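# Topology and contacts: notes
Spelled out from the first residue to the last, the chains are:
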Amino acid sequence: MKRTDIPFLRNVEYVASFPSVNDCPADDLPVVAVTGRSNSGKSSLISALCDTRNLARTSQNPGKTRSLNYFRVPAQQERGEFYLVDLPGFGFAKLSQKERQHLRKMVDDFLIRINWNVLILVLDARRDIGSEEEGIIDFCARSGQRLILARSKWDMLNQSQRAKHTKAWEKSGLAEITIPVSSTKAVGLEEVLRRIRNSI
Ligand SMILES: Nc1nc2c(ncn2[C@@H]2O[C@H](COP(=O)(O)OP(=O)(O)OP(=O)(O)O)[C@@H](O)[C@H]2O)c(=O)[nH]1
Ligand SMILES: [Mg+2]
């Protein structure tokens, strides 16, 4: 698909960064949430889906997203309005144990208590799935909630690495929910957008 044909999310507005689930909007707008390890590319993916460079304030410093960042996506064509939420990254080694636990709890509380429509779990394509990601995949399978595994930074893999990874997730039964994406090269964005549309 040509870049100009991708139905990017337009006129997305930053709402606020909430320190706790208790503060999050309690209206009935659908919610699309983005989670994943620190530095996996969550904020970059959100910015790419909105065709902007810096919507979700990506940074060279991992661990920067430390609250629940809400964006409001206006209605477009047949699809209604919804919230896009950038969750704090988990597993950032440079934070204290206490701070890491706090962020992890914030994400867990969000996943359990917020009535979200689809969760995008961002995984750096060069890394293996860790125990945190496994926990989230199991949680979604048990609760029957929609999940997308976005294998990010796909542009950084060569042909043989791509083939190897594709084989691995086919073997693990995750192919159905896996989408290779590159935020910098606009790979896989239209498929992520299609699944978002189908879930809200
Ligand atoms: N080459 C390439 N680099 C990427 C891609 N996505 C993200 N990056 C880079 O990876 C780094 C981390 O990206 P972020 O989007 O800030 O990651 P994050 O998951 O939001 O990180 P935290 O907010 O710390 O949890 C940045 O230097 C990005 O430029 C991609 O698709 N391709
Ligand atoms: Mg971020």
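See the structure shown above.
Attention here is on the structure that accompanies the text. For clarity, every value in this text was computed on a predicted model and none was experimentally measured. Positions within a chain are numbered from 1, following the residues in the order the chain's sequence is written. The order in which chains are written sets their letters, starting at A; the order in which ligands are written sets their numbers, starting at 1. Per-residue local features are limited, in this predicted model, to residues with pLDDT of at least 70; the limit for side-chain atom pairs, both in listing and counting, is 80 or more; totals at the level of whole chains, interfaces and linings are taken over all residues.

Okay, the pairing of strand β3 (residues 68-73) next. To sort residues by burial, count the other C-beta atoms lying within 10 Å of each one's C-beta; a count of 20 or more means buried, 12 or fewer means exposed, and anything in between means partly exposed. C-beta atoms are built from the backbone. Helix and strand assignments come from DSSP, with helices taken as H or I runs of at least 4 residues and strands as E runs of at least 2, each series counted from the N terminus. Most of β3 is tucked away: 5 of the 6 residues are buried. Only strands joined by at least two bridges in the DSSP assignment are considered to pair. Strand direction decides the pairing type here: strand β1 (residues 13-18) and β3, joined by 5 bridges, are antiparallel. Directly across from F18, in β3, lies its bridge partner L68.

Taken in spatial order, the 7 strands make up an open sheet running β1-β3-β4-β2-β5-β6-β7, and their pairing is mixed. Each edge of the open sheet carries a strand with a single partner, namely β1 and β7 (178-180). The average undirected angle you get between the axes of adjacent strands in this sheet is 25°. We call two residues in contact whenever the C-beta atoms placed from their backbones are within 7 Å. Where helices are involved, their axes are fitted lines through C-alpha atoms of the stretch in contact, as for all axes, and angles between N-to-C directions lie from 0 to 180°. Packed on one face of the sheet, helix α3 (residues 131-143) meets β2 (31-36), β5 (118-124) and β6 (146-152) and runs near 155° to β5.

Walk down a regular strand and you will see the side chains alternate between the two sheet faces. The element β2 is extensively covered by neighbouring structure, given that 6 of its 6 residues are classed as buried. Of the two faces of β2, the one carrying V31, A33 and T35 and the one carrying V32, V34 and G36 are both buried. Note that β2 and strand β4 (residues 82-86) share 4 bridges and pair parallel. Residue pairing in the sheet places V32 in a bridge with L84 of β4. As defined by bridge partners, β2 adjoins β5 across 5 bridges and the pair is classed as parallel. Its bridge partner lying in β5, V32 is registered against V118.

Of all 8 residues in helix α1 (residues 42-49), 8 are buried; the element is thus mostly enclosed. Buried residues of α1: K42, S43, S44, L45, I46, S47, A48 and L49, and no others. On its buried face, α1 is in contact with β2, β4, β5, β6 and α5 (189-199). Positive backbone phi, at 55°, marks D51, one or two positions downstream of α1.

Quick look at the nonpolar core now. Ranked by internal contacts, the top residues of the largest apolar core, which has 43 residues, are L84, V85, I120 and A150. Breaking this core down by element, the ones donating at least two residues are β2, α1, β3, β4, α2 (97-113), β5, β6 and α5. With 6 residues, β5 is the largest single contributor of residues to this core. Those residues in contact with L84 that sit more than four places away from it in its chain are V12, V32, I46, F71 and V73. The nonpolar core is taken to be a set of buried Ala, Val, Leu, Ile, Met, Phe, Trp, Tyr and Cys residues joined by way of C-beta atoms within 7 Å.

Mapped onto the secondary structure, V21 falls in the loop between β1 and β2. Overall, V21 belongs to the partly exposed group, with 17 C-beta atoms counted inside 10 Å. Sequence separation between V21 and I114 is 93 residues; the distance between their C-alpha atoms is 7.6 Å.

When the terminal C-alpha atoms of helix α4 (residues 159-171) are compared, their 19 Å separation across 13 residues agrees well with the 18 Å that a helix rising 1.5 Å per residue should span. The element α4 is barely covered by neighbouring structure, given that only 0 of its 13 residues are classed as buried. Phi turns positive, to about 75°, at G173, one or two residues after α4. Multiplying 1.5 Å by the residue count of a helix minus one yields the expected span of that helix.

Topologically, W116 is positioned in the loop between α2 and β5. Each residue touching W116, except ones within four places of it in the same chain, is listed here: V31 and A33.

Before going further, it helps to spend a moment on the environment of L55. Note that L55 resides in the loop between α1 and β3. With 22 C-beta atoms packed within 10 Å, L55 lands in the buried category. Sequence separation between L55 and S160 is 105 residues; the distance between their C-alpha atoms is 33 Å. If we skip the residues at most four places from it in the chain, L55 touches V12, I46, S47 and C50.

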